[in-house]
Amino acid sequence: MFQKSEQLYQRAKKCIPGGVNSPARAFKAVDGNPLFIERAQGSRIYDVDGHEYIDYVGSWGPLILGHCHPEVIDSLQETLKNGTSYGASTKKEIDLAELICEALPSVEKVRLTSSGTEASMSALRLARAFTKRPMILKFEGCYHGHGDSFLVKAGSGVATLGLPDSPGVPSELAQLTLTSSFNQLSQVEQLFSQHQGKIAAVIVEPVVGNMGCVPPKPGFLKGLRKLTEENESLLIFDEVMTGFRIAYGGAQSRFGITPDLTVLGKIIGGGLPVGAYGGRHKIMDQLAPNGPVYQAGTLSGNPLAVTAGIATLKILKRTGTYEKLENLTSQLEKGFIKIANETNIPVFINHIGSMFTLFFTPRDLNKSPDLSDQGMGLPVFNWDSAKQSDLSRFSEFFWQMLNRGIYLAPSQYESGFLSTAHTSMDIQNTIDSAEVIFKNWAH
Ligand code: HOZ
């Protein structure tokens, strides 16, 4: 069935480590080999063997408008005529920076990079320089790219592959990264009192997407803001996934929290490589050439990436976008819960905006069916609860869905993403496919 993908994988393995350029796409956690993709359009993605899938990966988040949105493609074609990169300033960089600053009032100045990893590494350096402190605090299961300081109890591919902490990262550096359980303020408080005056910043995905989708509990982000202020640490929101996704102004506007620094990526490049970090003038002006903190990039603010980003943000700004996304994702969530409850299969679904994850957690024996609006499985609110999921059941679900034309991330510990190109019919198809699988399991 995947003959051509298989042939390409055999070729790729000879010249690319593991045959992939990013481990998250390796299909290792679902005991398979990667699919090779030929093209995509709207809500659909097509593999080299000619299969069509409804795509819930969306290039891991950037494609909130679906694949090949005509306005994004047209503006890219127009820009392409003038060259691909100059290593010099362009007007479009300012246009994108202004759109970002306007959408996120916590961001007075923003620096563009080529990836989210680069942006979060740079934000951390800036936070350390600004506070003159060495340590950072992150949360188990959160992923902020593959910078050395972040590869401690990290989510995404690290969690998916069950990798040990940071081989290759000097232990002296790893020791400067403290970790707490997500949604648990008391641990954060404790770490602050144990390491007084040493923590430069708390970095968090305000809605985690890298251990599956895990929203914050009420008061958690507010509590982080209070604790960081009391301890004169910076609060960094990693909004690489949530920025312009769970609201136009990201998680910070949805939850009404003002972080000191924000890391962005994915959507702001409209599917092309991009990242960004921003915050108050006073902090951002520490960056070279204004200040002494060095960070640079040949392709930073690349004209094509910036063009796709601007086109995407302008479309997202139109009325009704986020309501549509929310309604479609609610339809999906309700459909999953209905079939799970009818077939008595324990699952727990987290959903916020257009992000969702169906976790195959064990049955919650304290829950009665009439209270099961997120499913009959144990709730998922941090890494410890996420990792109770039945990974072999996830894997079976993943492959059966794929065989029915539904493309999910090949890991229990990744978020699903909807786009404005998805239709109610796509969602119904997805639920119908899951229903067949759940019914077979129930027999
Ligand atoms: N943050 C994305 C997955 N959680 C990145 C995908 C990748 O690592 O390839």
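To be clear, the structure that these remarks concern was listed above.
So, a few notes on the structure that sits alongside this text. (Residues numbered from 1 in each chain as written. Predicted model: local features only at pLDDT ≥ 70, side-chain atom pairs only at ≥ 80, totals over all residues. Heavy atoms only, no water.)

1. Structural notes on the overall build of the protein chain
Part 1: For the protein chain, the helix and strand inventory stands at 15 helices and 14 strands.
Part 2: The C-alpha radius of gyration computed for the protein chain amounts to 21 Å, which stays within 12% of the reference 22 Å derived for 443 residues, consistent with globular compactness.
Part 3: For the protein chain, the C-alpha atoms occupy an extent of roughly 65 × 55 × 50 Å along the three principal directions.
Part 4: Here the contacts in the protein chain between residues at least 6 apart in sequence split such that 73% fall between residues at least 24 apart.
Part 5: A total accessible area of about 18600 Å² is found for the protein chain, and carbon and sulfur atoms account for 53% of it.
Part 6: Across the protein chain, the 41 positively charged side chains and the 43 negatively charged ones have centroids separated by 3 Å. (Helix = DSSP H or I, 4+ residues; strand = E, 2+ residues; numbered from the N terminus. Rg over C-alpha atoms; globule rule 2.2 N^0.38 Å. Contact = heavy atoms within 4.5 Å. Areas by Shrake-Rupley, 256 points an atom, 1.4 Å probe, with all protein chains shown as cover. Lys, Arg positive; Asp, Glu negative; His and termini not counted. Charge placed at Lys NZ, Arg CZ, Asp CG, Glu CD.)

2. As for unusual backbone geometry
Part 1: Note that the residue after A288, namely P289, is joined by a cis bond; omega there is 15 degrees.
Part 2: Structurally, the position occupied by P289 is in the loop between α10 (281-284) and α11 (303-316).
Part 3: Look at S59: it is not a glycine, yet its phi comes out positive at around 60 degrees.
Part 4: In this structure, S59 sits in the loop between β3 (52-55) and α2 (70-80).

3. Some thoughts on the pattern of salt bridges
Part 1: All chains considered together, the criterion is met by 15 salt bridges.
Part 2: The shortest N-O distance in the salt bridge between K81 and E78 comes to 3.0 Å.
Part 3: Classification of E78 as partly exposed rests on a relative accessible area of 49%.
Part 4: A salt bridge links R280 to D260; the nearest nitrogen and oxygen atoms lie 2.7 Å apart. Of this pair, R280 sits in the loop between β10 (275-279) and α10 while D260 sits in the loop between α9 (250-255) and β9 (261-265), and the two are 20 residues apart along the sequence. (Salt bridge = Lys/Arg side-chain N within 4 Å of Asp/Glu carboxyl O. Buried < 20%, exposed > 50% of the residue type's maximum accessible area, 1.4 Å probe, protein only.)

4. As for the packing of aromatic side chains
Part 1: Under the counting rule described, the total for this entry stands at 18 aromatic pairs.
Part 2: With a centroid separation of 6.2 Å and 55 degrees between ring planes, the pair formed by F2 and W399 is classed as tilted. In this pair, F2 sits in the segment before α1 (3-15) while W399 sits in helix α14 (residues 391-403), placing the two residues 397 residues apart along the sequence.
Part 3: An aromatic cluster is defined as three or more aromatic residues linked by ring pairs; in this entry it consists of F2, F27, F394, F398 and W399.
Part 4: Positioned above the aromatic ring of F381, the side-chain terminus of K217 is 4.1 Å from the ring centre.
Part 5: If you follow R393 out to its NZ or CZ, it ends over the ring of W441, 4.2 Å from the centre. (Phe/Tyr/Trp six-rings, centres within 6.5 Å; stacked < 30°, edge-to-face > 60°. Lys NZ or Arg CZ within 6 Å of the ring centre and 35° of its normal.)

5. Focus on the nonpolar core
Part 1: By size, the foremost hydrophobic cluster in this structure holds 40 residues, and its most contacted members are Y56, F336, F397 and F438.
Part 2: Only β3, α12 (321-343), β12 (355-359), α14, β13 (406-407) and α15 (424-442) provide two or more residues apiece to this core.
Part 3: With sequence-adjacent residues up to four places away left out, F336 is seen in contact with I349, F356, L358, F397, T430, I431 and A434. (Core = buried A, V, L, I, M, F, W, Y, C linked by side-chain atoms within 4.5 Å.)

6. Thoughts on the site of the ligand
Part 1: Around the ligand, a shell composed of S22, A24, W60, S156, N210, M241, K266 and E414 is seen.
Part 2: At 2.5 Å, a side-chain N or O of S22 approaches an oxygen atom of the ligand.
Part 3: When isolated, the ligand has an accessible area of 280 Å², and the protein chains bury 84% of it.
Part 4: Residue classes in the shell around the ligand are distributed as three nonpolar, three polar and two charged. (Near = heavy atom within 4 Å. Polar contact = N/O pair within 3.5 Å; in protein donor to acceptor, adjacent residues only side chain to side chain. Nonpolar A, V, L, I, M, F, W, Y, C, P; charged D, E, K, R; others polar.)

7. Notes on the sheet that holds β13
Part 1: Spatial ordering of the open sheet is given by β1-β2-β3-β13, a layout of four strands whose pairing is mixed. Edge positions in the open sheet fall to β1 (37-41) and β13, since each of these has one partner strand only.
Part 2: The sheet contact formed by strand β2 (residues 44-47) and β3 spans three bridges and is antiparallel. In the sheet register, R44 faces β3, and the bridge partner there is I54. (Pairing = 2+ DSSP bridges.)

8. Remarks on the pairing of β1
Part 1: Pairing of β1 with β2 involves four bridges; the strand directions are antiparallel. Considered in β2, the bridge of R39 is made with Y46.

9. As for the sheet that holds β12
Part 1: Pairing is antiparallel across the open sheet formed by three strands, whose spatial order is β11-β12-β14. Either end of the sheet is taken by a strand with one partner, and the two such strands are β11 (348-352) and β14 (416-417).
Part 2: Relative to β12, β11 runs antiparallel, the two sharing five bridges. Opposite H351, over in β12, you have F356 as the bridge partner.

10. Looking at the packing of helix α3 (residues 91-103) against α11
Part 1: The interhelical angle for the contact between α3 and α11, taken along N-to-C directions, is 40 degrees, at an axis separation of 9 Å. Between α3 and α11, the interaxial angle falls into the category oblique. Considering only the axes of α3 and α11, their crossing is left-handed. Counted together, K92, E93, D95, L96 and L99 of α3 and V306, T307, G309, I310 and L313 of α11 form the full contact between these two elements. (Axes fitted to C-alpha atoms, helices over the stretch in contact; angles between N-to-C directions. Parallel < 35°, antiparallel > 145°, perpendicular 65-115°, else oblique. Left-handed = near helix turned anticlockwise from the far one by under 90°.)

11. Some words on helix α4 (residues 116-131)
Part 1: Between the first and last C-alpha of α4 there are 22 Å, a value that for 16 residues agrees with the 22 Å anticipated at 1.5 Å per step.
Part 2: Of all the positions in α4, only G116, T117, A119, S120, S122, A123, L124, L126, A127, R128 and T131 are classed as buried.
Part 3: Trailing α4 by a residue or two, K132 shows a phi angle of about 55 degrees, which is positive. (Expected span 1.5 Å × (residues − 1).)

12. So, the environment of G50
Part 1: Its place among the elements puts G50 in the loop between β2 and β3.
Part 2: Since its relative accessible area comes to 61%, G50 is described here as exposed.
Part 3: Along the backbone, G50 and P346 are 296 residues apart, and their C-alpha atoms lie at a distance of 34 Å.

13. Brief notes about α3
Part 1: Between its terminal C-alpha atoms α3 stretches 19 Å, which fits the 18 Å expected from 13 residues at 1.5 Å a residue.
Part 2: Listed as buried for α3 are E93, L96, A97, L99, I100 and A103. An end-on view of α3 places all buried positions within 160 degrees of arc, on one side of the element.
Part 3: Contacts made by the buried residues of α3 are with β4 (109-113), β9 and α11. (Arc of directions from axis to C-beta.)

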